[in-house]
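Residues per chain, in single letters:
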Amino acid sequence: MAPQFTGNKHSESAAARVLGSGTSGVAELMLFHPVDTIAKRLMSNRGKVSSVGLGTVIFRDKASASAGTKFLSLFPGLGYAAGYKVLQRIYKFGGQPYFNDFLSSNYKSTFVNLFGEKNGKAMCHAAAGSLTGVGEIILLPLDVLKIKRQTNPEAFKGRGVITLVREENFKLYRGWGWTAARNAPGSFALFGASAFTKEYAFGLTDYRKATWTQNFISSIAGSVASIVISQPLDVIKTRIQNQNFESKVGGLTICKDLIREEGFRGFFKGCTPKVLVVGPKLIFSFTLAQSLIPLFANYV
């Protein structure tokens, strides 16, 4: 008998979803911000790493400094990163269940008719993830400021965050279309692969009852799928966002320049280190959120 496809409406309180997802964001930030900086700088590098040296690409003007100074140089934009990362995780991991509740309550029959009872439930989770990813562009200004601080600090020219927001306003949403295009398939793959792993590898009928180990393994599947699928658009998004504020080079121009100067392999620049070192932070936070939300639901 196929598992029953039911929505999870009111399954966890809003407080549990915020606490669980927020805790995962704070923990991820403290552990992985330096790794994120390295990945962004590798993706932003337009030349061959061998021609300038890996140390110069990663540490910039601190490449010849002491080990301690080098390490601290990997924490630029921590304030922006804190605001962005924690809000993003609360929105993404705490918000996806609401989209899933909505789709399950209103479009259950559509998913069942298209994919069957068992597949329909997993596809509903994937679709909810995709909608969540598109809506994530509301946080784009914080992401833009974080990436610029990590990869192009000269763009700030001594201006504070309030001055930047007042002067740049909607320019901080530059690249929103590419961001949405990256987030939709990326979040679809993240939540979809995780759901299919729980459904088929572990035979779970209620994903909330997954153990820590099951959440960890399903998070690996979701995170790797998400990173690989979204990588080409992530490269374009990152290059749009790390330009000087005055720059008006669009995504299509960046695409054409990338193909001409670096070939199609340029779309996957930084993909291997991202899977190896950025992947674990997504796996870590996704596992933590999926485990903590049901846990907090027992108390709040």
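Remember, predicted model here, so these are calculated numbers, not experimental data.

K.L.:
Please provide a residue-by-residue account of the packing of helix α1 (residues 14–44) against helix α11 (residues 271–297), values included.
P.N.:
Where α1 meets α11, the closest approach of the two axes is 7 Å, and the angle between their N-to-C directions is 175 degrees. In terms of their interaxial angle, α1 and α11 are classed as roughly antiparallel. A per-class count over the contact of α1 with α11 returns 20 nonpolar, five polar and five charged.

K.L.:
I'd like to hear about α11, residue by residue, with values.
P.N.:
Under the 1.5 Å per step criterion, the end-to-end length of α11 is 36 Å for 27 residues, consistent within 8% with the ideal 39 Å. Largest kink in α11: about 40 degrees, centred on Val278, with the proline Pro280 one to four residues after it.

K.L.:
Tell me about the packing of helix α8 (residues 176–201) against α11, and name the residues and values.
P.N.:
One can describe the packing of α8 onto α11 by two numbers: an axis separation of 13 Å at closest approach and a directional angle of 60 degrees. Taken as axis vectors, α8 and α11 run oblique relative to one another. Seen along the crossing, α8 lies across α11 with a hand that is right-handed. Residue-level inspection shows Leu190, Phe191, Ser194 and Lys198 of α8 in contact with α11, the latter providing Leu282, Phe286 and Gln290. Taken together, the residues of the contact of α8 with α11 break down into four nonpolar, two polar and one charged.

K.L.:
How would you explain the pattern of salt bridges if you had to name every residue and give the values?
P.N.:
Scanning the entire structure with this criterion turns up 11 salt bridges. Here Arg17 makes a salt bridge to Asp101, at a shortest N to O gap of 3.3 Å. With Arg17 in helix α1 and Asp101 in helix α5 (residues 78–135), the pair connects residues that are 84 residues apart, well separated along the chain. Owing to a relative accessible area of 2%, Arg17 belongs among the buried residues under this scheme. The class for Asp101 is buried, based on a relative accessible area of 8%. In this structure, the salt-bridge partner of Arg260 is Asp257, at a minimum N-O distance of 2.8 Å. Residue Arg260 and its partner Asp257 are located together in helix α10 (residues 251–262), separated by three residues, close to a single helical turn. Here the residues in one salt-bridge network are Glu12, Arg17 and Asp101, joined through shared partners.

K.L.:
So what's going on with the environment of Ser218? Which residues, and what values?
P.N.:
Looking at the secondary structure, you find Ser218 in helix α9 (residues 212–241). Classification of Ser218 by relative accessible area gives buried; the value is 0%. Excluding residues within four positions of it along the chain, Ser218 makes contact with Ser194, Thr197, Lys198 and Gln290.

K.L.:
Please give an account of a nonpolar patch on the surface that cites residues and values.
P.N.:
On the surface, a cluster of nonpolar side chains totalling about 460 Å² of accessible area is made up of Phe216, Ile217, Ile220, Val224, Val228 and Phe268. Tracing the sequence through the fold places Ile217 in helix α9.

K.L.:
So what about the packing of aromatic side chains? Which residues, and what values?
P.N.:
Tallied over the full model, the rule gives seven aromatic pairs. Geometrically, the ring pair formed by Phe93 and Phe191 is edge-to-face, given 6.4 Å between the ring centres and 70 degrees between the ring planes. With Phe93 in helix α5 and Phe191 in helix α8, this residue pair connects regions lying 98 residues apart in the sequence. The exposure class assigned to Phe93 is buried, which follows from its relative accessible area of 4%. A relative accessible area of 7% means that Phe191 is categorised as buried. Between Phe93 and Phe286, the aromatic rings sit 5.1 Å apart at their centres with planes inclined by 20 degrees, giving stacked as the arrangement. One end of the pair, Phe93, is in helix α5; the other, Phe286, is in helix α11, and 193 residues separate them in sequence. Each member of the pair, Phe93 as well as Phe286, carries the same accessibility label: buried. Aromatic rings pair up to connect Phe93, Phe191 and Phe286 into one cluster.

K.L.:
Tell me about the environment of Ser285, and name the residues and values.
P.N.:
Relative to the helices and strands, Ser285 is located in helix α11. For the pair formed by Ser285 and Gly22, sequence separation is 263 residues and the distance between their alpha carbons is 9.6 Å. Aside from chain neighbours lying at most four places away, what touches Ser285 is Ser24, Glu28, Arg89 and Phe93.

What counts and what doesn't
- Residues numbered from 1 in each chain as written.
- Predicted model: local features only at pLDDT ≥ 70, side-chain atom pairs only at ≥ 80, totals over all residues.
- Heavy atoms only, no water.
- Axes fitted to C-alpha atoms, helices over the stretch in contact; angles between N-to-C directions.
- Helix = DSSP H or I, 4+ residues; strand = E, 2+ residues; numbered from the N terminus.
- Parallel < 35°, antiparallel > 145°, perpendicular 65-115°, else oblique.
- Nonpolar A, V, L, I, M, F, W, Y, C, P; charged D, E, K, R; others polar.
- Expected span 1.5 Å × (residues − 1).
- Bend = angle between axes of the 7 residues up to and from the residue.
- Left-handed = near helix turned anticlockwise from the far one by under 90°.
- Contact = heavy atoms within 4.5 Å.
- Salt bridge = Lys/Arg side-chain N within 4 Å of Asp/Glu carboxyl O.
- Buried < 20%, exposed > 50% of the residue type's maximum accessible area, 1.4 Å probe, protein only.
- Patch = residues over 30% accessible without salt bridge, like charges linked within 9 Å, V, L, I, M, F, W, Y side chains within 5 Å.
- Areas by Shrake-Rupley, 256 points an atom, 1.4 Å probe, with all protein chains shown as cover.
- Phe/Tyr/Trp six-rings, centres within 6.5 Å; stacked < 30°, edge-to-face > 60°.

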